[in-house]
Amino acid sequence: QVQLAESGGGLVQAGGSLRLSCAASGSTFSMYAMGWFRQAPGKEREIVGTISWSGGITYYTDSVKGRFTISRDKAKNTVYLQMNSLKPEDTAVYYCAARTTALVAGFGSWGQGTQVTVSS
């Protein structure tokens, strides 16, 4: 059982920056990877990026590559999403998720989300 809590969302101007945080608690000893997802109203949830927990290897979807950076602090069980050069199309609820074990594929634990709104 892993519990996730996102924070750091808000309202920003286009071109601005935000840093989201996701703190994990519970049975984190076997955590394999963390991911960031987002969902705009009326649209399906999409992946933003992922980071492996042990090695810190990252993946980003093309639409955010070069603008967003995922990092983690293993000692704090926390993953971050640094968002720069924000665009109105980045407006969405952002969720963090955890793949809790290497033995089972998929992200099994999810946070409740934090709203990011980018004005033009």
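Residues numbered from 1 in each chain as written. Predicted model: local features only at pLDDT ≥ 70, side-chain atom pairs only at ≥ 80, totals over all residues. Heavy atoms only, no water.

Participant: If you had to explain the packing of aromatic side chains to someone new, which residues and values would you point to?
Facilitator: For the structure shown, the criterion picks out two aromatic pairs. Each ring, one from F37 and one from W110, has its centre 4.8 Å from the other, and the planes form 50°; the classification is tilted. Taken together, the residues F37 in strand 4 (residues 33–39) and W110 in strand 10 (residues 109–110) connect sequence positions 73 residues apart. Taking relative accessible area as the criterion, F37 reaches 10% and is therefore assigned buried. Members of the aromatic cluster, each reached through a chain of ring pairs, are F37, F107 and W110. Here R19 stacks its cationic end above the ring of Y80, 4.2 Å away from the centre of that ring. (Phe/Tyr/Trp six-rings, centres within 6.5 Å; stacked < 30°, edge-to-face > 60°. Helix = DSSP H or I, 4+ residues; strand = E, 2+ residues; numbered from the N terminus. Buried < 20%, exposed > 50% of the residue type's maximum accessible area, 1.4 Å probe, protein only. Lys NZ or Arg CZ within 6 Å of the ring centre and 35° of its normal.)

Participant: Residues and numbers for the environment of W53, please.
Facilitator: Note that W53 resides in the loop between strand 5 (46–52) and strand 6 (58–60). The class for W53 is buried, based on a relative accessible area of 7%. Along the sequence, W53 and D73 sit 20 residues apart, while their C-alpha atoms lie 9.2 Å from each other. If near-sequence neighbours (up to four positions away) are discounted, W53 is found in contact with M31, Y32, A33, M34, R72, D73, K74, N77 and T78. (Contact = heavy atoms within 4.5 Å.)

Participant: Account for the pattern of salt bridges, with residues named and values stated.
Facilitator: What the rule picks out here adds up to four salt bridges. Put simply, E46 and R38 hold a salt bridge, and the shortest N to O gap is 2.7 Å. E46 gets classed as partly exposed once you look at its relative accessible area, which sits at 34%. One salt bridge connects R67 with D90, and the closest N-O pair in it is separated by 2.8 Å. (Salt bridge = Lys/Arg side-chain N within 4 Å of Asp/Glu carboxyl O.)

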